[in-house]
Amino acid sequence: MKKESAAAYNGLLERTWRASGGDWDAFQDTFTETLSKEPKESIVEFWKLHRKRVSMLFCDAIYHGGYLMLGSVMGNDGFMEFADKIAVLPLAAVEKVVSDPDSMVDYPILEKLTEQTFESIFLDVYDEKMGADDGEFLLYEAPNARNVIRADWKAIGRIDLEKQLGLDRIRAKYEKSGGREGARHRRENIAEPGFVLFA
């Protein structure tokens, strides 16, 4: 994959986060608007990069950490949406989560529900660019990218909270914090905007 595309996509994400002030809704709106101004070739390349980032997040510790952060109610589809959100954090944050899943505790914004996945934003923007409306035009345009994500649900997706996965900080904050209702309360009270991703 071209280094220029990776640098351009990382730059787009960082500029969008700075402009949004750390607010998910503002970020999604700005991301959608910015992506729609890109040529279709760039959208395809950026989508491939997004899916590659998501695939980096398939591991027991990240799944279990997300499960605890979201009130112990996350299934496989929920994990895909959770990974979809992590993947659009600035690259340094994504790499930090991959190397140290317990660092997800530093990003409480991950608890906030989003109206639309970023995967679907890519699909919708590309459809609009091509004058299509089936929601899957990008999948047909770049068939090889459809196989970038390979999740082995035999290895992850079976929650075993007795496993020692190095999630001490996440466990300390979330394991006894009210389950589903506690997660709902935290999502409703996340301080936005003002969440700082950049020093």
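Everything quoted here is computed from the prediction, not taken from an experiment.

1. Some thoughts on the nonpolar core
Step number 1: In this structure, F31, I86, M104, L110 and F122 are the most contacted members of the largest nonpolar core, which totals 49 residues.
Step number 2: Those elements that place two or more of their residues in this core are α1 (3-20), α2 (24-36), α3 (40-56), α4 (60-69), α5 (76-86), α6 (91-99), α7 (118-130) and α9 (168-174).
Step number 3: Setting aside chain neighbours within four positions, we find L110 in contact with W24, M69, L70, F82, K85, I86, L89 and M104.

2. Things to note about α4
Step number 1: Among the 10 residues in α4, 10 count as buried, and that is most of the element.
Step number 2: Within α4 the residues assigned to the buried category are D60, A61, I62, Y63, H64, G65, G66, Y67, L68 and M69.
Step number 3: G71 sits one or two residues past α4 and shows a positive phi near 85°.

3. So, the packing of aromatic side chains
Step number 1: Enumeration according to the criterion identifies 12 aromatic pairs in this entry.
Step number 2: When the ring of W24 is compared with that of F27, the centres are 6.1 Å apart and the planes differ by 75°; the resulting orientation is edge-to-face. Of this pair, W24 and F27 are both found in helix α2, three residues apart, which corresponds to roughly one turn of the helix. Just as W24 is buried, F27 falls in that class too.
Step number 3: With a centroid separation of 5.6 Å and an interplanar angle of 85°, the aromatic rings of F31 and F118 are classed as edge-to-face. Of this pair, F31 sits in helix α2 while F118 is found in helix α7, placing the two residues 87 residues apart along the sequence.
Step number 4: Here F118 falls in the buried class, since its relative accessible area comes to 0%.
Step number 5: Ring-pair connections join several aromatic residues into one group, and the members of that group are Y9, W17, W24, F27, F31, F46, F118 and F122.

Scoring rules and cut-offs
- Residues numbered from 1 in each chain as written.
- Predicted model: local features only at pLDDT ≥ 70, side-chain atom pairs only at ≥ 80, totals over all residues.
- Heavy atoms only, no water.
- Core = buried A, V, L, I, M, F, W, Y, C linked by side-chain atoms within 4.5 Å.
- Buried < 20%, exposed > 50% of the residue type's maximum accessible area, 1.4 Å probe, protein only.
- Helix = DSSP H or I, 4+ residues; strand = E, 2+ residues; numbered from the N terminus.
- Contact = heavy atoms within 4.5 Å.
- Phe/Tyr/Trp six-rings, centres within 6.5 Å; stacked < 30°, edge-to-face > 60°.

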